[in-house]
Amino acid sequence: MKDFISEIEAGQMKSEIPEFKVGDVVKVSNRIKEGNRERTQIFEGTVIKKQGTGARKTFTVRKLSNGVGVEKTFPVHSPNVEDVKVVREGKARRAKLYYLRERKGKAAKVKALVK
């Protein structure tokens, strides 16, 4: 049974996955369907978590919009997620950055990674 499920999931997965990690600021191009029209919407924010494996792999992006925190969870292998571009790499020492939810303004930012 597990082999059958893994074969189906292998057909659903993308061949090229963008390389990003928790703490990075990313731009996610998301395809949105409104009625009979289709458009691309860009969501830019900090990656606060990555989870799952295989076809169920997801990542959550958080941004501040007019002083209100907005979080969206995107499946990595979804056909609606067209592209993920890394704007700035961040230095994070944790796997999940839930502490950013309580912070406001400049305190809600992750330090940039200096190489």
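Check the entry above for the structure.
Structural notes, computed from the coordinates. (Residues numbered from 1 in each chain as written. Predicted model: local features only at pLDDT ≥ 70, side-chain atom pairs only at ≥ 80, totals over all residues. Heavy atoms only, no water.)

A contiguous patch of positive charge, built from K91, R93, R94 and K111, is present on the exposed surface. For K111, the location among the structural elements is in the segment after β5 (81-88). (Patch = residues over 30% accessible without salt bridge, like charges linked within 9 Å, V, L, I, M, F, W, Y side chains within 5 Å. Areas by Shrake-Rupley, 256 points an atom, 1.4 Å probe, with all protein chains shown as cover. Salt bridge = Lys/Arg side-chain N within 4 Å of Asp/Glu carboxyl O. Lys, Arg positive; Asp, Glu negative; His and termini not counted. Charge placed at Lys NZ, Arg CZ, Asp CG, Glu CD. Helix = DSSP H or I, 4+ residues; strand = E, 2+ residues; numbered from the N terminus.)

Taken together, M1, F4, I5 and I8 make up a surface patch of nonpolar side chains, about 460 Å² in accessible area. The residue M1 is located in the segment before α1 (2-12) in this model. Exposure remark for M1: the relative accessible area of 77% places this residue in the exposed category. (Buried < 20%, exposed > 50% of the residue type's maximum accessible area, 1.4 Å probe, protein only.)

Here F43 lies in strand β2 (residues 37-51). Taking C-alpha positions, F43 is 11 Å from K85, a pair spaced 42 residues apart along the chain.

Let's shift gears to the nonpolar core. Formed by F20, V26, V28, F43, V47, F59, V61, F74, V76, V81 and V84, the largest nonpolar core amounts to eleven residues. Of all elements in the fold, only β1 (25-34), β2, β3 (58-65) and β5 reach the threshold of two or more residues within this core. Sequence-distant contacts of F59, defined by excluding residues within four places in its chain, comprise F20, V28, K49, K50, K72, T73, F74, V76 and V84. V22, I48, L100 and V110 belong to the second largest nonpolar core, which has five residues in total. (Core = buried A, V, L, I, M, F, W, Y, C linked by side-chain atoms within 4.5 Å. Contact = heavy atoms within 4.5 Å.)

Let us look at the pattern of salt bridges. One pass over the full model with this rule turns up nine salt bridges. As a salt-bridge pair, E38 and R31 come within 3.5 Å of each other at their nearest N and O atoms. Since its relative accessible area comes to 53%, E38 is described here as exposed. A salt bridge links E71 to R101; the nearest nitrogen and oxygen atoms lie 2.8 Å apart. With E71 in strand β4 (residues 68-75) and R101 in the segment after β5, this pair connects stretches of sequence that are 30 residues apart. A relative accessible area of 37% places R101 in the partly exposed class.

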